[in-house]
Each structure stands twice: as C-alpha cells, then as structure tokens.
Amino acid sequence: MRMKYVMSEVLVGLWRNVTMTVAMIITMAVSLTMLGASGLIYTKVADMKQLYFENIEVSIFLNAEVTDEQRSALATQLESDPLVSQVTYVNKDEAFQRFQEMFRDSPDLLSAVKADQLPESYRLKLVNPEEYKTISDQYTSVEGVDQVVDQSQVLDKIFNLFTAGQNIALVAAVAMAIAALLLVANTIQVAAYSKRREVAVMKLVGASNWFIQAPFVLEAVVAGLIGSILGLGALIALKVFLFDGALSALQGLFAPVSWGEVFLTFPVMAGVGGLISAVTAWVTLRFYLRV
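Residues numbered from 1 in each chain as written. Predicted model: local features only at pLDDT ≥ 70, side-chain atom pairs only at ≥ 80, totals over all residues. Heavy atoms only, no water.

1. Focus on the overall build of the protein
Operational definition: Numbering of helices and strands starts at the N terminus; helices are DSSP runs of H or I of at least 4 residues and strands are runs of E of at least 2. Relative accessibility decides the category of a residue: with a 1.4 Å probe and only protein chains considered, values under 20% of the type maximum give buried, values over 50% give exposed, and everything between is partly exposed. Any two residues having at least one pair of non-hydrogen atoms within 4.5 Å are treated as being in contact.
Along the backbone of the protein there are 10 helices and four strands. Taken from N to C terminus, the helices and strands of the protein fall in the order α-α-β-α-β-α-α-β-α-β-α-α-α-α. A total of 291 residues make up the protein; the buried ones form 37% of that total. Intrachain contacts of the protein at a sequence separation of at least 6 include 84% that bridge at least 24 residues.

Next comes the structure, spelled out in structure tokens:
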C-alpha cells in the first residue's frame, strides 16, 4: 500500500510541475549525452593511439656521401639496439618504387624526380613506439645520417586536437551537469512547497523521514533515468547519422564506434543520472524540509 502511494505521488508530482520536469529531463539528457560522447571519444582516442603506434616507423635517412663503413656501422648499431625490434634497409631503387606508389596520382611530380635523387634509409620498428624521441636524439648525430623522421611527430599534433576536443566535451558535460543539478534542486523545492501542508500533516501523524522524502527523490530519479534514455537515443543518432553516415568515408582513419560500445554507455549514463538526481533531491530536502 505504501509503495503504491509513493509511486502515485511520484506521477502526480511529475505532472504537477510538468514544465520544470521537462526542462530538467532535457538538461539531464544533454548533459548525459555529452558525458557518454566524451567517454566514447576518450576510448576511441586511446584505441587510435594504440593502432597508430603499432604501425609507426622511424626512418633514418642517410647522406648522399655516406660511405660503406658508415652504413655498415650504423646497421650494426641499429641491430644491437634494445629499443629497435626490426630494421629494414631501403636502397635508392626501393625508395623510388615507394615514391612512385605514394605519388602515382601526380605524374608531373613523378617525372621530375629520379631514382638517384632519393636517399637511402633504414626503416625501424620500435619495441616501444613512444620512445621515438630517444631514437631521434641517439642517431641524429651519427656519421652518415642526414635526418631522422618519425611519423608520430605528425600524429602527436592530431592526437593533441583529439585530446582538446575530448577535454572540451568533458567541460561542457560538467557545465550541463551543474545546470541539471540546479534544475533538480529547484524542481524539488517547488514540489515540496506545493505539498507543504501535506508534508506538515504527515509529520504530525508520525510519518517517517524516508516516507516523506521518497516521492520527491523518486521524481528526480525518474527524470534522470528518462534523461539517460534520451541520451542513449542521441548517441544512437550520432552513430547512425554521423559516424556511419557523414564520416563513413573516414573509417580507415578513425577507430570505428561499435553498437556494443554505444549501448555499454547506457548503464553508466543511467547510473550517473539516477544517482546524481537522487543525491541532489535528498540534500535539497534535508535543507528545505528539515526532516
């Protein structure tokens, strides 16, 4: 009987302040959507870093005047280096073949470059790709070496952009969460004020604190859960229309977002939305009703 009464009061309370309830739900939905999106971005950036780092090569280009002794000494040093897992020597002809494959759509550029103009190089796979700076510092001054080039120097700039976007999404999510908390608190205060006489009567007849607070707290929890469902719907729309739609041509560059990852964000959003709403409502009631 008590549970039936509490649930009926929850529905009545949500409908009584329907405009504020809708505002609270929408704000919570936007906040949780940004929270879920920032979580997906975080995991995707980590996956992309791992994927790219596994395929990163460090290229050591040799001088045009490099001697056989310098070339052999460098090869011996590279093969014995504990930071290097694989060494591949690329002569001028092989470098020219790679150049032709890379710029096959630019015939003018191909006709302007000859095989003997491209430098010899050693292509390295590292045990730990994040130690490329150590390799660069170690071999830049070696005799016969012209330049040490690492792909991750470019990738670092790309990942910095992703990280900045991730941080912006997190800041926006926190800002929206604060707005949602204020709306929850305000909505609960309005609901408690509209039922102040009923609350006073229940206190006089000896109703327990949890029985008085339960309808208000559950109103906030229900709003938070509805917001998390709307947030899940927004993430599904992002996957369908953005990741699998507008950005589908870039799937080879970006780690794909799976349906499993999207749906796994829902328990997190629901838990965060429900818990934050419940705690905010309970704290508000403790100060407002003094029960």
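Back to the text.
2. A short note on the environment of arginine 286
For arginine 286, the location among the structural elements is in helix H10 (residues 259-288). Note: C-alpha distance between arginine 286 and glutamine 213 (73 residues apart in sequence) is 8.9 Å.

3. Here we look at a nonpolar patch on the surface
As a reminder of what qualifies: Exposure above 30% relative accessible area and the absence of a salt bridge qualify a residue for a patch, where like charges join within 9 Å and nonpolar side chains (Val, Leu, Ile, Met, Phe, Trp, Tyr) within 5 Å. Note on areas: these come from Shrake-Rupley sampling with a 1.4 Å probe, and a residue is covered only by the protein chains present in the view. Only one rule defines a salt bridge in this text: a Lys or Arg side-chain nitrogen within 4 Å of an Asp or Glu carboxyl oxygen.
Taken together, the side chains of Leu275, Val279, Trp282, Val283 and Phe287 make up a nonpolar region of the molecular surface, amounting to roughly 510 Å² of accessible area. For leucine 275, the location among the structural elements is in helix H10.

4. A closer look at the pattern of salt bridges
Tallied over the full model, the rule gives two salt bridges. For the salt bridge of arginine 71 with glutamate 120, the shortest nitrogen-to-oxygen distance reads 3.0 Å. With arginine 71 in helix H3 (residues 68-79) and glutamate 120 in the loop between helix H5 (107-112) and strand E3 (121-126), this residue pair connects regions lying 49 residues apart in the sequence. A cluster of three or more residues bridged by salt bridges with shared partners is formed by Asp68, Arg71 and Glu120.

5. Concerning H3
Basically, it comes down to this: One fewer than the residue count of a helix, multiplied by 1.5 Å, yields its expected span. Regarding the arc, it is the one traced by the directions from the helix axis to the C-beta atoms.
The end-to-end C-alpha separation of H3 is 16 Å, in line with the 16 Å expected for 12 residues at 1.5 Å each. Taken as a whole, H3 has its buried residues at Arg71, Leu74, Ala75 and Leu78. One side of H3 holds all its buried residues, which, seen down the axis, span an arc of 100 degrees. Looking at H3, the residues exposed on the side facing more than 90 degrees away from the buried face are Glu69 and Thr76. On its buried side, H3 packs onto strand E1 (58-62), strand E2 (84-90), E3, helix H6 (132-139) and strand E4 (145-150).

6. Comments concerning helix H4 (residues 92-102)
To keep things clear, this is the line we draw: A 3.5 Å cut-off defines polar contacts: any pair of N or O atoms within that distance qualifies, except that in protein one atom must be a possible hydrogen donor and the other a possible acceptor, and neighbouring residues in sequence count only when both atoms are side-chain atoms.
For H4, the complete set of buried residues consists of Ala95, Phe96 and Phe99. One side of H4 holds all its buried residues, which, seen down the axis, span an arc of 100 degrees. Of the exposed residues in H4, the ones pointing more than 90 degrees away from its buried face are Asp93 and Glu101. The opening residue of H4, the one whose side-chain oxygen lies 3.2 Å from the backbone nitrogen of aspartate 93, is asparagine 91.

7. So, the pairing of E1
Quick note on the threshold: Two strands form a pair only when DSSP identifies at least two bridges running between them.
Taken across its five residues, E1 has four buried, putting it largely inside the fold. In terms of strand pairing, E1 meets E3 through four bridges, oriented antiparallel. By the bridge assignment for E3, valine 58 is matched with leucine 124. As judged from the five bridges shared by E1 and E4, these two strands associate in the antiparallel manner.

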